[in-house]
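# Architecture at a glance
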Amino acid sequence: MQTLHNKLIFFLEGDLPEKEMELVKNHLLECSTCAAFVEEMKKTLGILEAERSPAVNPFFYTRLKAKLENKESESKQVFWKPVLVRVLQPAIFSILLMIGIYAGIKIGQPAPAQSINISAANIDIISFLNEMDSESIEGFLME
Amino acid sequence: MSETEIIQKLQKGNEQAFRELVENYKKMVVNTCFGMVHNTEDAEDIAQEVFIEVFRSINNFRADSKLSTWLYRMAVNRSLNFIRDHKRNKWFQSFEDSVRSKNALHENLINRNTDHPEYILENTQRATLLHEAIDSLAENQKVAFTLSKYEELSYQEISKVMDVSVSSVESLLHRAKKNLQKKLYVCYKKKCI
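This is a predicted model, so every value here is computed, not measured.

A tally of helices and strands in chain B yields nine helices and zero strands. Sequence-ordered secondary structure for chain B, helices as α and strands as β, is α-α-α-α-α-α-α-α-α. Out of the 193 residues belonging to chain B, those deemed buried represent 35%.

See below:
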């Protein structure tokens, strides 16, 4: 019975030899489970017939023509794309990177030493700021 | 215009010949693509790509095979590529897109018969079940089954399109039907419908 069960779809499709078709037919009269499954399968496979040859959009050719024209214009633009992507883009990025590195180095550098006489200037400042030399705190408190 | 005439004129870039080619074969190409992808809009998009490819590569067409065989082959290959891309992009597809594609299928069935809602619902469920069962088949079994069932091609015609022997087509169709029965039986047992 298992072998007959496996052949139910072929029975529905009429793919079995006459003898086997007869055997399956007789089996279906006896086995209600198989008969119900065959009925279900028949309905499900019947969907294929309903789906066959769907209505094609009446503007199919118009849309196709528009798509074809778009693709042609795109292919003309595409000619410039590799030049832009492979040459100009890396060149611009490299230049920007170099500018960035140069700016970073410049900013990071210490300010250049000035050529004025620092020692003399320092002494003046120290003497001006260090008032303790001319007026000691002890002297101030003793007054 | 005969097939040979269309090809000759098309090779010279005649637009009228291209129009005639599209009008003559659009139903066949859309139907084949529909059998593979189960969505009318997608099938039409793929069919358009097929005709664009024909327009561009008509000079490569060898007269040793029929134009219809060439078109079937392109339709099948384009559909398989579409399915592969679609599978890859499925993770990035939004929920709305998947709902939209299901609705398109349902609308397609509803438009056929609006008088019996229960009949529509049952048919929709059956169609979904059948499509899932067909999609679960191995690629070559699916192609052979689609060409046989949607286009009603003979074993010989299928063998030419798939570039395999007739006995291979027989074997592919046998296995496809057996696998389909298995899938449908599992669903029948679980009472999917």
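Further remarks concern the confidence of the model for chain B. The share of residues in chain B with pLDDT of 70 or more is 85%, and the mean pLDDT across the chain is 87. Confidence estimates for the predicted assembly give a pTM of 0.72 and an ipTM of 0.78.

What follows concerns the interface of chain B and chain A. One frequently used descriptor of interface size is the decrease in accessible area upon assembly of the parts. Opposite the 28 residues of chain B that make contact, chain A presents 24 residues. By residue number, the principal contributor to the side of chain B that touches chain A is helix 2 (residues 15-37) of chain B, which donates eight residues.

Let us look at the packing of helix 7 (residues 139-149) of chain B against helix 8 (residues 155-162) of chain B. Residue and element names in this part refer to chain B. Following both chains from N to C, one finds helix 7 and helix 8 inclined at 135 degrees, their axes separated by 10 Å at the closest point. Considering their axes alone, helix 7 and helix 8 lie oblique with respect to each other. The two elements helix 7 and helix 8 cross, and the hand of that crossing is right-handed. Touching Asn140, Val143, Ala144, Leu147 and Ser148 of helix 7 are Ile158, Val161 and Met162, all from helix 8. Split by residue class, the contact of helix 7 with helix 8 holds six nonpolar, two polar and no charged.

Definitions and cut-offs
Residues numbered from 1 in each chain as written. Chains lettered and ligands numbered in written order. Predicted model: local features only at pLDDT ≥ 70, side-chain atom pairs only at ≥ 80, totals over all residues. Helix = DSSP H or I, 4+ residues; strand = E, 2+ residues; numbered from the N terminus. Buried ≥ 20, exposed ≤ 12 C-beta atoms within 10 Å, placed from the backbone. pLDDT = per-residue confidence, 0-100. Contact = placed C-beta atoms within 7 Å. Axes fitted to C-alpha atoms, helices over the stretch in contact; angles between N-to-C directions. Parallel < 35°, antiparallel > 145°, perpendicular 65-115°, else oblique. Left-handed = near helix turned anticlockwise from the far one by under 90°. Nonpolar A, V, L, I, M, F, W, Y, C, P; charged D, E, K, R; others polar.

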